[in-house]
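Okay, here's what each chain looks like letter by letter:
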Amino acid sequence: MAWQITNRCACRCQHCCEESGPERGWKRELSRDEAVRVAREAGELGIPYAAFGGGEPLGIPHVWDVFETLVSGGALLKIETDGLSIDERALARLKELKPASIQISLDGATAEVHEALRPGSRFQDVAKAIENLAAAGLEPEAVFIPTKLNIAQAPRAYELAASLGARVFATGPLMRLGRAALAWERLAPSEAEWASCVAALEETRHKLGGFPKLSVYPWDILTEMRTRLESPQAMILVVPDGKVKLLNALPFAIADLREEPLAAAWEKAKAAWGSTEVRDFIRRAQTDRALLRHANECWSLSSR
Ligand code: SF4
């Protein structure tokens, strides 16, 4: 399961897929007790992997209870974080949880470029967080999202990630969602620019001797939607108020964990991939890009 436990975070990244930010918490985000109950149900269902993304999961005090409940239920954790709140105590707790993956965004090789794209972030603190996680044996992964503003620095950012001890340098095409969709003309690199960025990263990988591993996500959001429609992934996305979606790009709330157990949501997710509304939305979005601007909404599915 993917779990967006809050939509609040310290940054206002220009390309944020979730349109998160300091004032962007949702009104009715799940309480501690509700979130822990969902985590307990995940263990009962045997969910093997829980991935936490933005807003900032580590900004929610009860997220640690949620993590511990998931891990004691047998799940591995993936945590996507801005890295700004990883102090000594957080490091110690993370070591106990043994997450499978901790990802921190590093959107440039210089403070000027990283912070221009990610207002509210602090380049030096991000670098320090990656270094501290590596020193603690937590094998952090640096994530680089390419835009017109930072794509020229991708190889240098990869080298920087290597010098900080990251295990992986992860990147992929900019996803046309959230604020990235709203500023697409200004931010999105051309296909040729992205292709030459990947080639330059491959050269850097060779120069670095293959470490950190270079991980390039293979497709954009439209291909992702088409591919998932043909072969749905065994995954649900829980958004901050407990609604359940199939993918962040699909604005359908297929279940509500405030009203029903996780097991029921899974059954609805399986059925929803075959629904006419979902299929039709994916088909129309291939040519009508305006539909992607609804990614962070929760429409009710009439066939629910
Ligand atoms: S990309 Fe991450 S850090 Fe930036 S605004 Fe979105 S959730 Fe916050």
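As the structure is a prediction and not an experimental result, all values here were calculated from the model.

J.: With reference to specific residues and values, describe the side chain of Thr-147.
T.: Relative to the helices and strands, Thr-147 resides in the loop between strand S5 (141-144) and helix H6 (154-164). On the accessibility criterion, Thr-147 (0% relative accessible area) is buried. Excluding residues that lie within four positions of it along the chain, Thr-147 makes contacts with His-15, Leu-117, Leu-174, Leu-187 and Pro-189.

J.: Quick rundown of helix H2 (residues 63-72)? Include the residues and the values.
T.: Taken residue by residue, H2 has Val-63, Trp-64, Val-66, Phe-67, Thr-69 and Leu-70 as its buried positions. In this structure, the buried residues of H2 make contact with strand S1 (2-3), helix H1 (32-45), strand S2 (49-52), strand S3 (76-81) and helix H3 (88-97). Phi for Gly-74, located one or two positions after H2, is positive at around 105°.

J.: Any chance you could break down the domain arrangement of the protein for me, citing the residues and the numbers?
T.: The domains assigned to the protein are domain 1 (2-218) and domain 2 (226-300). Between the C-alpha centres of domain 1 and domain 2 there is a distance of 22 Å. Note on domain 1 versus domain 2: buried area summed over both sides is about 2,100 Å², and carbon and sulfur give 57% of it. Its largest share of buried area at the contact with domain 2, domain 1 owes to Ala-2, Trp-26 and Leu-177, together 26% of the area lost on that side. In this structure, Arg-258 engages Glu-34 in a salt bridge whose closest nitrogen and oxygen atoms are separated by 2.9 Å. Scanning the region where domain 1 abuts domain 2 turns up 12 residue pairs in polar contact (both at pLDDT 80 or more).

J.: Please set out the packing of aromatic side chains residue by residue, giving values where relevant.
T.: Counting across every chain of the model gives nine aromatic pairs. Between Trp-64 and Phe-67 the ring centres are 5.6 Å apart and the planes differ by 85°, which places this aromatic pair in the edge-to-face class. With a gap of three residues between them, Trp-64 and Phe-67 both fall in helix H2, about one helical turn apart. The same class applies to Trp-64 and to Phe-67, which are both buried. Following the ring pairs from residue to residue traces out a cluster consisting of Trp-3, Phe-52, Trp-64 and Phe-67.

J.: Run through the site of the ligand, naming residues and quoting values.
T.: Near the ligand the following residues occur: Cys-9, Cys-11, Cys-13, Cys-16, Ser-20, Gly-54, Gly-55, Arg-118 and Arg-179. Grouping the constituent residues of the shell around the ligand by class yields four nonpolar, three polar and two charged.

Conventions and cut-offs
Residues numbered from 1 in each chain as written. Predicted model: local features only at pLDDT ≥ 70, side-chain atom pairs only at ≥ 80, totals over all residues. Heavy atoms only, no water. Helix = DSSP H or I, 4+ residues; strand = E, 2+ residues; numbered from the N terminus. Buried < 20%, exposed > 50% of the residue type's maximum accessible area, 1.4 Å probe, protein only. Contact = heavy atoms within 4.5 Å. Domains from an automatic or database assignment. Buried area = accessible area lost by both parts, 1.4 Å probe. Salt bridge = Lys/Arg side-chain N within 4 Å of Asp/Glu carboxyl O. Polar contact = N/O pair within 3.5 Å; in protein donor to acceptor, adjacent residues only side chain to side chain. Phe/Tyr/Trp six-rings, centres within 6.5 Å; stacked < 30°, edge-to-face > 60°. Near = heavy atom within 4 Å. Nonpolar A, V, L, I, M, F, W, Y, C, P; charged D, E, K, R; others polar.

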